[in-house]
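Take a look at the letters that make up each chain.
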Amino acid sequence: MENNIDIIAKLASSLNRRDEVPNQELAKEIVVAQDKKAVKELVDNLFNTKAIQNDCIKVLYEIGDQDPKLIANYVDEFVSHLISKNNRLQWGAMTALGTITNEKPKEIYNHLPAILEASDKGSVITKDHGVNILIKLCALNNYAENTFPLLLEQLLKSAPNQLPMYAERAMPIINDKNKALFLKTLTSRLNDLEKESKRKRVEKVIKKYQ
């Protein structure tokens, strides 16, 4: 069922709000109504002013979190915004792609060069979600073989601050076939971890697979 939801009027910036609650409520409303027209309007408005871009991408990835199918047909559009000069839109687009990876693995896989380039050049949040996308693809038999080496590459060059989180997030996809390379990669990074707390987290992951 589709209602005619007045999208722009309900965005946080239109309501002069600095919090995200209106955007979250709008996402919920669109999911309940299964309103595909509203989703298309949000995607179209990613070319609007910066404030509206920021609100629309937030609503879109909130929808993706709750009901990925509703935004799954917009892989190309999200990828096109990975080169945006608006940082919020860039990492928001990567977040949205992360929510639909399991819905559209083939399309996401085909866009990996653009996704990894944005991940390398982008902010910490862009990179975090880029790594999440790789982990999701590694969990799928059709893509594991080609994406696992790319994940290891990310682990090798990630900032020491991010490495423990990436290592922990990768744990569900580690198996007898790939654990030796995973351990070798993490062990090679231990000397980069000056903070004891970070080092201990990575050591804990290593210990689990030894």
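Draft legend 1. Quick look at the packing of helix H6 (residues 87–99) against helix H8 (residues 112–121). Put simply, H6 and H8 touch, their axes get as near as 11 Å, and they point 135° apart. On the basis of the axis angle, H6 is oblique to H8. The two elements H6 and H8 cross, and the hand of that crossing is left-handed. Residues Gln90, Met94 and Leu97 of H6 form the contact with H8, whose participating residues are Ile115, Ala118 and Ser119. For the contact of H6 with H8, the class distribution of residues is four nonpolar, two polar and no charged.

Draft legend 2. View of H6. Given a rise of 1.5 Å per residue, 13 residues ought to cover 18 Å, and the 19 Å separating the end C-alpha atoms of H6 matches this to within 8%. Of all 13 residues that make up H6, 12 are buried, and the element is covered over most of its length. Against helix H4 (50–66), helix H5 (75–80), helix H7 (105–110), H8 and helix H9 (124–138) lie the buried residues of H6. Capping of H6 at its N-terminal end is provided by Asn86; its side-chain oxygen lies 3.1 Å from the backbone amide nitrogen of Arg88.

Draft legend 3. Region of interest: unusual backbone geometry. Backbone geometry places Asn16, a non-glycine residue, at a positive phi of 55°. Classification of Asn16 by relative accessible area gives exposed; the value is 72%. Positive phi, close to 50°, is recorded for Gln34, a residue that is not glycine. Take Gln34: its relative accessible area is 35%, and that puts it in the partly exposed class.

Draft legend 4. Summary view of the packing of aromatic side chains. Going through the model one piece at a time under the given rule, you end up with three aromatic pairs. With centroids separated by 6.2 Å and ring planes inclined at 40°, the aromatic side chains of Tyr61 and Trp91 adopt a geometry described as tilted. Of the two residues, Tyr61 is situated in helix H4 and Trp91 in helix H6; the sequence distance between them amounts to 30 residues. Judged by centre distance (5.9 Å) and plane angle (85°), the rings of Phe182 and Tyr209 are edge-to-face. Linking Phe182 in helix H12 (residues 179–189) with Tyr209 in helix H13 (residues 196–209), this pair joins segments that are 27 residues apart in sequence. Note on Tyr209: relative accessible area 11%, which makes it buried. Directly above the ring of Tyr209 sits Lys208, whose terminal nitrogen or CZ lies 5.9 Å from the centroid.

Draft legend 5. Examining the environment of Lys58 more closely. With respect to the element layout, Lys58 can be found in helix H4. Note on Lys58: relative accessible area 9%, which makes it buried. Other than its neighbours up to four places away in sequence, Lys58 contacts Glu20, Asn23, Gln24 and Arg88.

Reading guide: rules and limits
- Residues numbered from 1 in each chain as written.
- Predicted model: local features only at pLDDT ≥ 70, side-chain atom pairs only at ≥ 80, totals over all residues.
- Heavy atoms only, no water.
- Axes fitted to C-alpha atoms, helices over the stretch in contact; angles between N-to-C directions.
- Helix = DSSP H or I, 4+ residues; strand = E, 2+ residues; numbered from the N terminus.
- Parallel < 35°, antiparallel > 145°, perpendicular 65-115°, else oblique.
- Left-handed = near helix turned anticlockwise from the far one by under 90°.
- Contact = heavy atoms within 4.5 Å.
- Nonpolar A, V, L, I, M, F, W, Y, C, P; charged D, E, K, R; others polar.
- Expected span 1.5 Å × (residues − 1).
- Buried < 20%, exposed > 50% of the residue type's maximum accessible area, 1.4 Å probe, protein only.
- Polar contact = N/O pair within 3.5 Å; in protein donor to acceptor, adjacent residues only side chain to side chain.
- Phe/Tyr/Trp six-rings, centres within 6.5 Å; stacked < 30°, edge-to-face > 60°.
- Lys NZ or Arg CZ within 6 Å of the ring centre and 35° of its normal.

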